[in-house]
Every structure is written in structure tokens, then in C-alpha cells.
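What the coordinates show
So the chains spell out like this:
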Amino acid sequence: MTQEWEAGRLDSDLDGVADDTLAVRAGQRRTPEAEHGEPLFMTSSYVYRSAAEAAARFAGETPGNVYSRYTNPTVRTFEERIAVLEQAEQAVATASGMAAILATVMTLCSAGDHVLVSRSVFGATVSLFDKYFKRFGLEVDYVPLADIAGWDAAIKPNTKLLFVESPSNPLAEIVDIRALADVAHARGTLLVVDNCFCTPILQKPLTLGADIVIHSATKYIDGQGRCLGGVVAGRREQMKDIVGFLRTAGPTLSPFNAWVFLKGLETLRLRMQAHCQSAQALAEWLEAQPGVAKVYYAGLESHLQHALARQQQTGFGAVVSFEVAGGREAAWRFIDATRLISITANLGDSKTTITHPATTTHGRLSPEERAKAGISDSLIRIAVGLEEVADLKADLARGLAHL
């Protein structure tokens, strides 16, 4: 260990560098050990030189670590890397993507406030708003994602924020983020965008006018289905309050998971490019199959919002959904006939996955709620991984043969 520590050239100069470089190097501050890779700080607490230093640290009078529920060097590196990729002032990591939504709403809203949510959000997000937030006095209404006029008409004097997923899960619906941000700000509300499906590589909602961006880092940021985690990014004044919520309530990210996500970020652009390329090929192939009634993928010219997706995204993502004739029974036969693709509801993995949304990711919704969200019993969702496309086509052909 060096006796006198000066960072000097050990840390990288990142002024003006591209996203690929930021995804590999941003946020890292090397310790006196001069390590090249990011260190993993597996510690719950931190020591002080004196009682006076401890008191000042706990009072917030001097900067530094207090307890890993509040701050951790490995988690901080991950947060700073996400912040620069999303062009946010600050990012705050959480224990899961759902914890990121929880922390955001609990921080920004109070009993009596009104929130508008896109109708096509993830099933667990609907459950969080309807079963829990409403219990504590939050008013919640749902709006079709792409209906800008509908959003404007649904805003009330007590509306605090608009919450959307774009693209949506699993139908790849898109909203014009800039137009919706203009509506929100004209009416004095905030726009929160779940950017999980695109990642900051394919879409940067904050540059389009959104106020806060949310990720489930469990998905593409990790990229290999290993760890749970989430992150919220936005203006520093808002993130300060979210840090306070995490400090008190405790849904913070584990240092180990943060370290895994840092490794995932290093290959994020390469993986997203490969995911998108394979998803495009599979979507086009599926659209040509006689047993497939409809394919949902924004990269297809048949998608109603194809032009908008090209405008505000640099890629179309890796989730392809499609409907088959015959309802749930036919969809289940299709899924059960596959032999390579993993039957699981997770996505963002290097391994391709297949699921039946109506009975898994959106299974807790009522039939009426699923119908409003466009989740039919005949819908199948594929999260395209990194395997050879020809092998994926061959496996899906097994499913088609059982329709």
C-alpha cells in the first residue's frame, strides 16, 4: 500500500468521452491500493478517527460514509456511472426495480395527491399503485400510453406526477416523451419514465424532457439474470429526498449487486446492439409465419409507432410479443413445445426467455384490467437473448408446429 496517496494519473480524465467509455470508467475513484478494477466494499459500517469526526459525519456536517444503508463506495460508483449515462445530476440505487418505483412515489407524493399511470405498465407496478399506494390516500388513474390529449384531459389540480413505461411491457407501445413532458410541465406536474426496456444506450428520457428516469437494473444493466437491483436518476434536489427515504426505510442496493451491475455496464452497448439485431430478425420472421396472428415490435414497419420509435430511440429493444390463434391453450402448447428457450418471466438475460403474460407477469390483474392493457390469453412474449438466431427460429418453429 502506498504511504502517501495522491490520485494523480491513476484516475481517468473523462471530459468529452462517449457513452461506451463512460459505461466502462465513470464513477471510479481508485483507493491507495491503486486497483485497476472496481473494488467491492463488503462492509456494513465505517470507522472514524475520533468521536468528534463520528459526530460530524452523522450530523451531515462533513462528507463521508456513515452506514451502508445510506452510502457505500461500490454502490456510489454504480450510481455515478448511471447518472452520467442518463445525463442526470444524480442517481440513487435501490434493492430492486420495484423498490425504485416505491422510493420515487413515497418521496414525491403525499396522501391526497393524484398520480396518472400509463395503462400498459408492468403488472406488479399496477399492484403497487392499486393495492398499496391507494391504501395510504394516493389517488391513481390510468391513461392509454400514447394518448397525449388523454393525459392532458386527465390531469387534475392535485396531480403530482405522470408515470409511464416506454416502450411498454409486453406490447412495445411508445409514447412521445417530449410531447408528454411538455403537457406535464405546462400543468405543473412531473414526468417519470421507466426506461428499463431501452436502457440509457437506446433512449435518454431526461434529454427529451422527462424529470426522473427509473430502471430495473435486474434486466439489461445486469444482462445475465444474476442480481436484483434498481436505480432512480434525475435532478439533485429530488434525489436528495430519495436518499433520505432509503436511509430511513432501507430498500438499498447491496454492494455485491452494485459490483455485478458495474461489470454489466461495461458491455451494455455491445449487448443491446446484439439483442436488437436478433429481435428484429425474429420479429420479421414471426410476422411471416401463418400461425402468428400479430407481432408487437416497434422495429417493424407494421407497428403503429414505428416512426416515433425511430425518432426517440437508437434501437428497438429485445422484447418481441405475438399472438397466436386458439387462446390460452394454444399459447401454452406453443410454449411447452420449445426445447431451447427458457420458460421464465424474467427478461434482459443473455439467454432468450419465453412466457405467457396473462398468467405470469400480468396474472394478478383482473381479466378486465388485462383487456384494457391489451394482454390477451393468446399473447406470448419473447425476450431475445444472445444465442444464434437460426437456433431460436428452429425452436420457435417447434412451437408453431403445435398450433
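See the structure shown above.
Let me sum up the structure you'll find in this document. (Residues numbered from 1 in each chain as written. Predicted model: local features only at pLDDT ≥ 70, side-chain atom pairs only at ≥ 80, totals over all residues. Heavy atoms only, no water.)

**A word on the sheet that holds strand E9 (residues 319–324)**
What the 5 strands build is an open sheet, ordered E8-E9-E12-E11-E10; its pairing is mixed. This sheet does not close on itself; its edge strands, each paired only once, are strand E8 (292–296) and strand E10 (342–343). Packed on one face of the sheet, helix H13 (residues 327–337) meets E9, E10, strand E11 (353–355) and strand E12 (379–383) and runs near 130 degrees to E9. (Pairing = 2+ DSSP bridges. Helix = DSSP H or I, 4+ residues; strand = E, 2+ residues; numbered from the N terminus. Contact = heavy atoms within 4.5 Å. Axes fitted to C-alpha atoms, helices over the stretch in contact; angles between N-to-C directions.)

**Overview of helix H7 (residues 177–186)**
Listing the buried residues of H7 in full gives Ile177, Leu180, Ala181, Val183 and Ala184. Buried residues of H7 fall within an arc of 160 degrees about the axis and therefore sit on the same side. On the buried face of H7, the contacting elements are helix H6 (148–154), strand E4 (159–165), strand E5 (190–194) and helix H12 (306–312). For H7, the N-terminal capping position is held by Asp176, with its side-chain oxygen 3.3 Å away from the main-chain nitrogen of Arg178. Directly after H7, the chain includes Gly188, whose backbone phi takes a positive value near 75 degrees. (Buried < 20%, exposed > 50% of the residue type's maximum accessible area, 1.4 Å probe, protein only. Arc of directions from axis to C-beta. Polar contact = N/O pair within 3.5 Å; in protein donor to acceptor, adjacent residues only side chain to side chain.)

**Structural notes on unusual backbone geometry**
The omega angle of the peptide bond from Ser166 to Pro167 is 0 degrees, so this bond is cis rather than trans. Structurally, the position occupied by Pro167 is in the loop between E4 and H7. In this structure, Gln87 takes a positive phi of about 55 degrees despite not being glycine. Within the secondary structure layout, Gln87 lies in the loop between helix H3 (73–86) and strand E1 (90–94).

**Some remarks on a nonpolar patch on the surface**
A surface patch of nonpolar side chains, about 290 Å² in accessible area, is lined by Leu40, Met42 and Phe256. Relative to the helices and strands, Met42 resides in the loop between helix H1 (19–25) and helix H2 (51–58). In this structure Met42 comes out as exposed when scored by relative accessible area, which is 59%. (Patch = residues over 30% accessible without salt bridge, like charges linked within 9 Å, V, L, I, M, F, W, Y side chains within 5 Å. Areas by Shrake-Rupley, 256 points an atom, 1.4 Å probe, with all protein chains shown as cover. Salt bridge = Lys/Arg side-chain N within 4 Å of Asp/Glu carboxyl O.)

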